[in-house]
Each structure stands twice: as structure tokens, then as C-alpha cells.
Amino acid sequence: MMKIKLVFPILITLLVSSASLAAEFNSLVTFTKSWKDKGRTDFLEGKLPISVLDSLDKIYEKSPHQYLIYELGTKLYVQVACTFDFYEVSGDKLVNKYVYFNRGYSCASNSFVRENTHYMLGGHGFWQSHMDLLTFDELHGSWELQVTKNQPEHYFSQFVYQNSKGLFSLFGTTFNPRYGIDSKNLQGYFLDWETKAWKEIELVIDDLALEELVEKGGLYFVQTQDYAFWATTNGLKNIGWNLIEKETGKIFYYESKNVDMGLSPYLEIKGNVLSYIMPGGEQKTLDLDEIRKKSKEVGFVRVKEAASFGMNYTWAYGLFFVVVAVGFLLVKKILPKKKTEAPEVHPAKRLEPIELLLPYSGQLLTTETLDQLLGIDDQANFDSRRMKRARLINDINEKYFAQEGKELIVRDKKPEDKRYVYYKIQA
């Protein structure tokens, strides 16, 4: 089992937008009261007064939490670990933009900004791990589930970073004690942002079996503007201070066995520069651009494609058509027997939600109307109703796609008021 002891378990995965990855990347991670008595009068170049941290400490005095504070445009925001609490800093005051009271399964979530929108990816509770994608709905003050395709089940990772194409999740754990599931993932997954589909990745480090890395563990991870950076003292070859260039996927190694940044009571990031306190109390600055210049390339991370399995596309297509042809012949031969042996399932029972929606083909339905048709309008909790609606839409669209080759329910917004979501039925 990979034992990762991190001082900062929330990953700093903040980018101003996917279209402008060179935008300034400023953030601070600290804990309740841990930042105190360090001789600082402000943080983030004076934009964060210590009075804001004092206010947070009063809120979470009885239940200490970790704070992730970051800039987006001219504003500062705070996400509090293991909660859905989400604050905007207004001068020296805090405004909690999350207006509901749900709790659970959000510990160690990967917080990030993309296209000027706030997101959380993944989390875990006592029995469950997941990589659900949540987006913050500023109009309603709630976190809303964004359905993704091929999402790995019971999987969670804190080793997450993003580039212009999507999000990479390395290593991680597949865990659910209800089903006796507890295993380590030696590679990881990629969430394609355009298609919202998960894909497997390939990670290679020269002269290293990844099983050794997983077994030894002890990785401290943080993300900066251009790099995913980890540090460890596990003593493996080509493992110490390692940088992943987020856009190229190249992995670099710098010989160091120092993890002081993971022991600091706070960590500031500006661009690719880390600022933290050494165990002896002195302030330390680490420029990862300079570390990159002094490092050697030792591996790569990339999304798996058909060619990466040692098969070119011509042979892949040829094999595909052979398999389809053989399958067609087998089905044609076996199908008549199944018709006489298997009882027929009445379509109305199997596709009842679809049958209910078909009469509304071509119409734009409001959220309230769709909830009534789906039978979830009696749920008083706003967040629960949103999550239930998203899962039902996903299930209906998957079934309808298998039948008709397209989705039945499509989210739409009217040009005159893009704040409100409508649902178009396209039978």
C-alpha cells in the first residue's frame, strides 16, 4: 500500500483558464492556526491580510481544516478541505458562496479553476472513493455534478494536474471495502476536457519498476503553473525531485532527497516558485524553472492510443472488421435459438423514462418540468435533486444512444439569458 504522508493533501491545481495557461498562478495552502507566529503580516504579495486567516481560524477553531486560497482575476477565493465551503475574500471579510449544508465524500478533493469556473474533482469518505467532477453554480450557490464518460469506479487519486487538453490523475487507489476492493493503480487516467471522457494513461520512468514506487510511496506532490512536482526520500533510482512538464508530459529528475516543502506550515506558489519555511525556521524559495534546467529527462506520461500497444492503425482496423464479421455470423447462427428459449422483456418496462419523454420531442423543458417527468420533484434538497437529475439523464441518454445512436436529452441555454439551463428532447 502506498503510504503518502503529506502536509498539504489538497492539490494545488489552479489555472486561470485552459486557453491561457501562461496566466499568473498564485496560491497559498495552510492549516488552521499553523500559519501563526511565523513573522508574516500578509500573504500573496499583500493581497491576503492575516485578518482573513484569523477569521477562518475562528470559524474552524473546533474542527481544524486546511485552507486553499487562490487568485482568479482580481479576486481571492478560499476552499476548505473536507467541506463544500467556498469563500470569496472581500477586503478583510469572508463571504461563503456555498449556501447549502451537505457534507461527506469531499475529503482531499482536487480543486482547480478552468475557463473561469471553479471545480472539485474526486474525494473520499470512510467507505467510498470516487472521481466525481463537481462545478460550482454561482447562481444557486451549490456544487453541481458534471457527468463524465468511462469514469473509473471506486477510484481516487490526490496526484492530479491539468494542462490545456484535460486532467491527468496518476497512481491512485481503487477502494471499496463493501466489495473487498483495495488495490493500487500503477498508471492512472486522463479526463479529456472536450469530450468529458476518461482514458487510460501510460507512465514510464527509466530503470524503474513502478511497483517499487508504489510500494515505497512517500511522495509529496504539488502543482505549479507549468509543472507537476513531487519530492520523496524513498531512495529509488531516478526518483527524488521530479518534474512533469504539464504540456509535453516529459518527466525530469533532479538529485535531491529533501521534502522540507511538505513539512512547512504554509506553502505559497507564484508561477513556478515555491515559498515555504524550513524546519529550522528560515524562509526558503525554490524556483522550479531553475531546477528544470539542472535536471535530466527520465520518462514520460501520455494518453494511451491504439498504436501504443504495438499495433499500427491499418492492422487495428483490419482486425476490427474481422472480429465484426465473425461476430455477425455467430449471432446470425445463434439468434433464432435465443428467440425460442429466452422470454421477451416488454419494451415499455425497460424504457419507461424514455417513453415518457418521447411525446415532448423538439421541445425545450424547464428544470422543474423535467423533474416532474422524472419523478424527482418531491425531493426538497436542491443539491440531491441536481445530482439525481444528472444521473438519470446520463442513464437515459446511454440507453437511448444504444437504441437510436444519439442522446435523447440535451442541455441548452437561451441566448437571451444564459443563466438558466433548459433540456431539449431530440427523439
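As shown above, the structure is provided for reference.
The shown structure was predicted, so the numbers you read here are calculated from the model rather than taken from an experiment. (Residues numbered from 1 in each chain as written. Predicted model: local features only at pLDDT ≥ 70, side-chain atom pairs only at ≥ 80, totals over all residues. Heavy atoms only, no water.)

Asker: Looking at this structure, how should I read the nonpolar core?
Answerer: Among soluble globular proteins, nonpolar side chains are generally buried collectively. By size, the foremost hydrophobic cluster in this structure holds 24 residues, and its most contacted members are Leu170 and Val301. Contributions of two or more residues to this core are made by β14 (166-170), β18 (197-205), α2 (210-216), β20 (227-231), β22 (250-254) and β26 (296-303). Leave out the neighbours within four places in its chain, and Val301 touches Tyr161, Phe168, Leu170, Ile201, Glu202, Leu203, Ile244, Gly249 and Ile251. (Core = buried A, V, L, I, M, F, W, Y, C linked by side-chain atoms within 4.5 Å. Buried < 20%, exposed > 50% of the residue type's maximum accessible area, 1.4 Å probe, protein only. Helix = DSSP H or I, 4+ residues; strand = E, 2+ residues; numbered from the N terminus. Contact = heavy atoms within 4.5 Å.)

Asker: It is not clear to me how the state of the cysteines should be interpreted in this structure. Could you clarify?
Answerer: Covalently bonding the sulfur atom of one cysteine to the sulfur atom of another cysteine gives a disulfide. Evaluated as defined, the whole model comprises one disulfide. At a sulfur-sulfur separation of 1.9 Å, the disulfide partner of Cys82 is Cys107. Torsion about the S-S bond of the Cys82 and Cys107 cystine: about 130°, corresponding to right-handed handedness. In this pair, Cys82 sits in the loop between β5 (75-80) and β6 (86-90) while Cys107 sits in the loop between β7 (93-96) and β8 (110-114), placing the two residues 25 residues apart along the sequence. On the accessibility criterion, Cys107 (23% relative accessible area) is partly exposed. (Disulfide = S-S within 2.5 Å.)

Asker: So what exactly am I meant to see when it comes to the side chain of Asp57 here?
Answerer: Within the secondary structure, Asp57 is located in helix α1 (residues 50-59). It turns out Asp57 is buried and unbridged, and the closest side chain with the opposite charge, Lys36, is 4.3 Å from it. Among the polar contacts made by the side chain of Asp57, one reaches the main-chain amide nitrogen of Lys33 at a distance of 3.2 Å. In this structure the side chain of Asp57 is engaged in a polar contact, spanning 3.0 Å, whose partner is the side chain of Trp35. (Lys, Arg positive; Asp, Glu negative; His and termini not counted. Salt bridge = Lys/Arg side-chain N within 4 Å of Asp/Glu carboxyl O. Polar contact = N/O pair within 3.5 Å; in protein donor to acceptor, adjacent residues only side chain to side chain.)

Asker: Hey, could you run me through unusual backbone geometry in this one?
Answerer: Trans is the common state for peptide bonds, and a negative phi is the common state for residues other than glycine. Phi at Ala108 is positive, roughly 65°, even though this residue is not glycine. Along the chain, Ala108 falls in the loop between β7 and β8. Ala108 sits in the buried class, given a relative accessible area of 9%. With a phi angle near 60°, Asp207 is a residue other than glycine that sits in the positive phi range. Among the secondary structure elements, Asp207 is positioned in the loop between β18 and α2.

Asker: Even after reading the chapter, I still don't get the pattern of salt bridges, so can you show me in this structure?
Answerer: One pass over the structure, following the stated rule, counts 17 salt bridges. With a shortest N-O distance of 2.6 Å, Glu144 and Arg386 are connected by a salt bridge. Pair noted here: Glu144 is in strand β11 (residues 142-146) and Arg386 is in helix α8 (residues 382-404), with a separation of 242 residues, a long-range link. Across the pair, Arg386 and Glu144 agree in class, each one buried. A salt bridge links Arg292 to Glu245, with the nearest nitrogen and oxygen atoms 3.0 Å apart. Pair noted here: Arg292 is in helix α3 (residues 288-293) and Glu245 is in strand β21 (residues 241-245), with a separation of 47 residues, a long-range link. Take Arg292: its relative accessible area is 24%, and that puts it in the partly exposed class.

Asker: How should I be thinking about the packing of helix α7 (residues 367-374) against α8 in this particular structure?
Answerer: Geometrically, a packed helix pair is captured by the angle between its two axes and the distance between the axes. Their axes nearest at 11 Å, the elements α7 and α8 cross at an angle of 70°. Taken together, the axis directions place α7 and α8 in an arrangement best described as roughly perpendicular. In this structure, α7 meets α8 at a crossing whose hand is left-handed. Across from Thr367, Leu370, Asp371 and Leu374 in α7, the residues of α8 making contact are Arg385, Arg389, Leu392, Ile393 and Ile396. Looking at the contact of α7 with α8 residue by residue, the class counts come to five nonpolar, one polar and three charged. (Axes fitted to C-alpha atoms, helices over the stretch in contact; angles between N-to-C directions. Parallel < 35°, antiparallel > 145°, perpendicular 65-115°, else oblique. Left-handed = near helix turned anticlockwise from the far one by under 90°. Nonpolar A, V, L, I, M, F, W, Y, C, P; charged D, E, K, R; others polar.)

Asker: Help me out: how do you make sense of the environment of Asn102 in this one?
Answerer: Tracing the backbone through its elements, the reader meets Asn102 in the loop between β7 and β8. We classify Asn102 as partly exposed; its relative accessible area is 22%. Counting along the chain gives 40 residues from Asn102 to Ser142, while the straight-line C-alpha distance between them is 9.7 Å. For Asn102, the residues in contact, after removing those within four places along its chain, are Phe84, Asn381 and Asp383.

Asker: I tried to follow the sheet that holds strand β15 (residues 173-176) on my own but got confused; where do I start?
Answerer: Backbone-to-backbone hydrogen bonds join strands into a sheet, with any given pair of strands oriented parallel or antiparallel. One open sheet holds the three strands; their spatial order is β12-β15-β16, and the pairing between them is antiparallel. Edge strands, defined here as strands with exactly one partner in the open sheet, are β12 (155-156) and β16 (181-184). Of the pairings in the sheet, the one linking β12 to β15 comprises two bridges and is antiparallel in character. Across the sheet, residue Phe156 finds its bridge partner in β15, namely Thr173. (Pairing = 2+ DSSP bridges.)

Asker: Please clarify how the sheet that holds β8 should be interpreted in this entry.
Answerer: As summarised here, the arrangement of the four strands in space is β8-β9-β10-β11, forming an open sheet in which the pairing is antiparallel. Strands at the two margins of the open sheet, each flanked by one partner only, are β8 and β11. Geometrically, the sheet is characterised by an average inter-axis angle of 35° between neighbouring strands, direction not taken into account. In terms of strand pairing, strand β9 (residues 117-124) meets strand β10 (residues 129-137) through five bridges, oriented antiparallel. By the bridge assignment, Met120 is partnered in β10 with Leu134. Across the sheet, α8 is in contact with β10 and β11; its angle to β11 comes to roughly 10°.

Shape is all these values report; function is a separate question.
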